[in-house]
Amino acid sequence: MVGWISALDRKLLRDLLHMRGQRLAVGAIVACGVAIMVMALGAISSLELSRDTYYDRFRFADVFSNAKRAPERLANEISEIDGVRTIETRISRLVTLDIEGMREPANAQLVSVPENGKPRLNGVLLYSGRFPDPSRPDEAVVSKAFVDAHGFTLGSHVRAIINGRARDLEIVGVGDSPEHVYMLGPSGLLPDEKRFAIFWLSRRALEAAFDLDGAFNSVSVSLSPGANPQGVIDSLDKLLEPYGTGGAYGAEDQLSNAFIESEMQQLASIAAIIPPIFLIVSAMLINAILARLIATERQQIGLLKAFGFDEWEIAWHYVKMALGMVTGGILVGFVLGAALARLMTNLYTDSFRFPDMIFRLDPSAFVIGGGAATLAAIFGAVGSARSAAKLAPAEAMSAAPPTVYGKGPVQRAFAHIHFDEPTRMILRHVTRWPVRAGVTVIGVAAAQALLVGTLFAFDSIDEMMEQHFHRTDAYDVAINFVEPTNIGAVREIERMPGVLSVQPNRDISIRVRHGQLDERVRLVGVEPDGRLRRLLDDQDKFLGVPDRGLAVSSQLAGMINVGRGDRVSLEVLEGERPTLDVSVTAIVNEAMGWPAFMDVDSLERALGESNVVSGVYAMIDPDREAVFSAAVLERPGIASVSLQRASIESFNDSMEENINIMMTIYALIGGAIAAAVVYNAARIGLTERGRELASLRVLGFSEGEVSYILIGELALLVFLALPLGGAMGMGLAYLVATSMATELFRVPITVAPSTHGLAASIVIVSSIAAALFVRQRVKSLDLIAVLKTRE
């Protein structure tokens, strides 16, 4: 042995080597906790770097706004607003596409580019080809995801319905923009590469197509350092007010950017909630291991003190032992977390259209993960280390007083039931060591809670799908008009082939204010007896649209801190821009977004309108969907057409692979913690009762009976842990759901019985595997050697 290693350190190394099984169990739990933290923080770091690099390189704007038709000369006035650095005016409009081989229409956002093809803001990254020639109005650069999904190449043609006329657009370039990292089409829940695209055409082409010569309907600005964004937004609204603006908004409310921020917020919630569970369990196991170890090393501790080692050295020895148990787990967690972070980053390439998904592991992820695991180890060791340090040498040198056995409350309660000897031994041992049994029960319950609290997310997705596609949005197709139009347009839709029923809607942009809080939202006017677009109350029961007042989504209610009966101010951002003072009469549940609702007749009266609609929901005959799609493409004035069937198919296709990957990861991690807890309990039991079990073998007990005493105790503890784990899992699911809810999504708290069953099954299978592994040690007991061992 190397001379500079102290006697205590040599003992430490021997003990850690001897305890390799328990060290691996604790290390596995620590590795899982550290890995999840590194994964989440690493994914956040990668998303931030990829986003910031893309935004900076292609000049993502700070403020956005729109108008119906604003004169180009207004650009000079906008550029003079205090705080504005750069301005970009353009033309942008939704259109429908007729794709060969698709039975339903697709949608596209047409965006103009300057004649030089280089916008000052929200630049276009050109992967291949060139920008449109201003003299050729039918040339377009098309978003890469759409091109790849359909197998288009440069020179391919796509039929678009622009301002009521069919035009064949030629793909001359393939590109992307930081404005559309998350490309969500009308009425979509997830990006759909086949059914939504961005088309960049020359400014001259769109001016001619939409009669906007010398005008614009969309504007973006970047801000000078230190500028006040809200001041710029207010000034921009004032300038654009005469031209039908829908209200300016900052980058934080830009849809694509908001989804990126939402994803990072959810990752931060995972890092804050899940790893502590692992680390708390690891601290409990360390405490149990050291407590048992110190009990068996009393005489060694007495000798160490007799030879001059002080209390601090003894305590530090056991703290170092705890640190030695977790060190390997921390290192494995770093490697595993880095691998999982890379996997998450690769999965994001399917949702977020970054040109380069840059993988970066921030050093702080390792510092936080490793530091948290180290603190958990110290916390788990400090109690046992203190008890070892306080042992007096004379007391330590003497054997521990034997355990006093007698009839406890459990035995007295079940005195009338006859148990065989092994079963009585199991019950007696559990009741005589309730704290140790409780640690095992809580550890196994934590494993099940972790499984329930993560796997429930897939139940929530199913619930969101059911709510969005079948309960609130119970239509087959949603049609949006280019401009608000007369109710006669709805009658035209109703007469189209395959249409079974229709429900019109009026959709406007408003700013809702309550005290000092305000939000820019969509106000949807719906028919009170409509069957295609319905509302759900906070109990998820159907709720009629209030005949007066305002119904707000639960997300919006939280954002502006309102409840039923509160009065709010509605600043309409369209038309005559009236300001309305109304009461909140209902809180409704929405799966996505933060809309507000009002009875359509009440909304019309408030706006001074009559029979004006923004769009229509329709039910169609599934057998006549193709005929309907062909007819709706020929109808002018339609901005977008979204079929629910296509949205459901896209949602399932997008989620299937990710769900399978994440379920596998959660099952492995949950199973690992259960197996580690059960293995640790079995090893402590075997170490503690080895002499007892060997004695029973000598007295004639069979190998199966002896194994039953050890494994039966574990089975009893796992059985007790299952209901507790289910209850803890429900609490964890609630915590996860509330922390991961964002302004974009409300995560419903739904845990299916099958999820409880799956979690319990994983725990049971993992526990059986760990118990069988320890049973092999029982079978290989050296009876002579064990009987010679001093307790």
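The model shown is predicted, which means the values in this text are computed figures rather than measured ones.

Caption draft 1: Up close: the overall build of the protein. Within the protein one finds 22 helices and 22 strands. In the protein, which comprises 791 residues, the share counted as buried stands at 56%. Pairs at least 24 apart in sequence give 82% of the contacts found in the protein among residues at least 6 apart. About 33,800 Å² of surface is accessible on the protein, with carbon and sulfur atoms providing 56% of the total.

Caption draft 2: Molecular detail of the pattern of salt bridges. Scanning the entire structure with this criterion turns up 29 salt bridges. Residue R136 is joined to E139 by a salt bridge in which the shortest nitrogen-to-oxygen separation is 3.3 Å. Assessed through its relative accessible area of 46%, R136 is described here as partly exposed. The salt bridge partner of E571 is R513, with a shortest N-O separation of 3.3 Å.

Caption draft 3: View of the sheet that holds strand β1 (residues 63–71). Across the sheet, four strands lie side by side as β2-β10-β1-β11; this open sheet has antiparallel pairing. For this open sheet the edge positions go to β2 (84–90) and β11 (249–250), each flanked by a neighbour on one side alone. This element, helix α6 (residues 229–240), spans β1, β2, β10 (215–223) and β11 of the sheet and lies at about 10° to β1.

Caption draft 4: A look at the environment of P178. With respect to the helices, strands and loops of the structure, P178 is situated in the loop between β8 (165–176) and β9 (196–202). Overall, the relative accessible area of 0% leaves P178 in the buried class. In the structure, P178 is positioned 393 residues away from E571 in sequence and 30 Å away in space, judged by C-alpha atoms. What P178 contacts, discounting residues up to four positions off in sequence, is Y54, Y55, F58, F60, N122, G123 and S256.

Caption draft 5: Inspection of the nonpolar core at higher detail. Ranked by internal contacts, the top residues of the largest apolar core, which has 133 residues, are F278, I286, L290, Y318, M321 and M325. Sorting elements by how many residues they give to this core places helix α7 (residues 255–296) first, with 20 residues. Apart from residues lying up to four places away in sequence, L290 is in contact with Y318, M321, A322, M325, A381 and S384.

Caption draft 6: The arrangement of empty space enclosed by the protein in detail. A full pass over the atoms with the stated rule returns six cavities of 30 Å³ or more. What the largest cavity holds in volume is close to 220 Å³. Forming the boundary of the largest cavity are 21 residues, of which P186, G188, D192, R195 and S647 lie nearest the centre. Taken together, the elements giving at least two residues each to the lining of the largest cavity come down to β22 (638–643) and α19 (644–698).

Caption draft 7: Quick peek at the packing of α7 against helix α10 (residues 363–390). It is at 8 Å that the axes of α7 and α10 come closest, and there the two elements cross at 25°. Considering the angle they form, α7 stands roughly parallel to α10. Crossing geometry of α7 relative to α10 is assigned as right-handed. Residues L279, S282, A283, I286, N287, L290, A291 and I294 of α7 form the contact with α10, whose participating residues are A372, A373, A376, A377, F379, G380, A381, S384, A385, S387 and A388. Class assignment of the residues belonging to the contact of α7 with α10 gives a composition of 14 nonpolar, five polar and no charged.

Caption draft 8: Here's a closer look at helix α17 (residues 600–607). Those residues of α17 that sit buried are V600, S602, L603, E604 and L607. Its buried side turned inward, α17 meets β13 (499–514), β14 (517–526), β18 (567–572), β20 (596–599) and β21 (612–620). The N-cap residue of α17 is D599: its side-chain oxygen and the backbone nitrogen of D601 are 3.1 Å apart. One or two residues past the end of α17 sits G608, with phi positive at roughly 70°.

Caption draft 9: View of unusual backbone geometry. If you check the backbone angles, R59 has positive phi at about 60° while not being a glycine. In this structure, R59 sits in the loop between α2 (20–57) and β1. Although it is not a glycine, N611 sits at a positive phi angle of roughly 55°. Examined against the element boundaries, N611 turns out to sit in the loop between α17 and β21.

Caption draft 10: Quick look at the side chain of D237. Along the chain, D237 turns up in helix α6. Here D237 is buried and forms no salt bridge, its nearest opposite-charge partner R511 lying at an N-O distance of 4.6 Å. When neighbours within four sequence positions are excluded, D237 is seen to be in contact with T245, G247 and A248.

Caption draft 11: The arrangement of the pairing of strand β4 (residues 106–113) in detail. The element β4 is largely enclosed, with a buried count of eight among its eight residues. Where burial is concerned, the two faces of β4 agree: the one with A106, A108, L110 and S112 and the one with N107, Q109, V111 and V113 are both buried. Across seven bridges, β4 lies against β9 in parallel orientation. What sits directly across from V111, in β9, is W200.

Caption draft 12: Geometry of the side chain of N122. With respect to the helices and strands, N122 occurs in the loop between β4 and β5 (125–129). At a separation of 3.2 Å, a polar atom in the side chain of N122 contacts the side chain of S220. The contacts of N122, once residues within four sequence positions are left out, are F58, R59, F60, A61, F64, R90, S177, P178, E179 and S220.

Caption draft 13: Structural context of the packing of aromatic side chains. Applying the stated criterion across every chain yields a total of 14 aromatic pairs. Centre to centre, the rings of F146 and F199 are 6.0 Å apart; their planes meet at 65°, and the pair counts as edge-to-face. With F146 in helix α4 (residues 144–150) and F199 in strand β9, this pair connects stretches of sequence that are 53 residues apart. Measuring from centroid to centroid gives 4.7 Å for Y475 and Y617, while their planes differ by 15°, and the two rings are stacked. Of this pair, Y475 sits in the loop between α14 (434–472) and β12 (477–486) while Y617 sits in strand β21; the two residues are 142 residues apart in sequence, bridging distant segments of the chain. The residues Y475 and Y617 share a single accessibility class, namely buried. Among the aromatic side chains, those forming a connected cluster through ring pairs are Y54, F58, Y182, F259, Y348, F352 and F354. Here the basic side chain of R534 rests over the ring of F542, its NZ or CZ set 4.0 Å away from the ring centre.

Caption draft 14: How the structure looks around a nonpolar patch on the surface. Residues I442, L724 and M728 make up a contiguous nonpolar surface patch of roughly 210 Å² in combined accessible area. For M728, a relative accessible area of 31% translates into the label partly exposed.

Caption draft 15: Inspection of the packing of α2 against α10 at higher detail. Relative to each other, α2 and α10 sit at 155°, their axes nearing to 9 Å. For the element pair α2 / α10, the angle class is roughly antiparallel. Considering the relative orientation of α2 and α10, their crossing is right-handed. Residues V30, V34, M37, V38 and L41 of α2 touch α10, and the partners they reach there are A365, F366, I368, G369 and A373. Its residues assigned to classes, the contact of α2 with α10 comprises nine nonpolar, one polar and no charged.

Quick notes on the rules
- Residues numbered from 1 in each chain as written.
- Predicted model: local features only at pLDDT ≥ 70, side-chain atom pairs only at ≥ 80, totals over all residues.
- Heavy atoms only, no water.
- Helix = DSSP H or I, 4+ residues; strand = E, 2+ residues; numbered from the N terminus.
- Buried < 20%, exposed > 50% of the residue type's maximum accessible area, 1.4 Å probe, protein only.
- Contact = heavy atoms within 4.5 Å.
- Areas by Shrake-Rupley, 256 points an atom, 1.4 Å probe, with all protein chains shown as cover.
- Salt bridge = Lys/Arg side-chain N within 4 Å of Asp/Glu carboxyl O.
- Pairing = 2+ DSSP bridges.
- Axes fitted to C-alpha atoms, helices over the stretch in contact; angles between N-to-C directions.
- Core = buried A, V, L, I, M, F, W, Y, C linked by side-chain atoms within 4.5 Å.
- 1 Å grid on protein atoms, 1.4 Å probe; cavity = no way out; pocket = protein on both sides within 12 Å on 5 of 7 lines; lining within 4 Å.
- Points joined across faces, edges and corners; volume = space filled by probe spheres on them.
- Parallel < 35°, antiparallel > 145°, perpendicular 65-115°, else oblique.
- Left-handed = near helix turned anticlockwise from the far one by under 90°.
- Nonpolar A, V, L, I, M, F, W, Y, C, P; charged D, E, K, R; others polar.
- Polar contact = N/O pair within 3.5 Å; in protein donor to acceptor, adjacent residues only side chain to side chain.
- Lys, Arg positive; Asp, Glu negative; His and termini not counted.
- Phe/Tyr/Trp six-rings, centres within 6.5 Å; stacked < 30°, edge-to-face > 60°.
- Lys NZ or Arg CZ within 6 Å of the ring centre and 35° of its normal.
- Patch = residues over 30% accessible without salt bridge, like charges linked within 9 Å, V, L, I, M, F, W, Y side chains within 5 Å.

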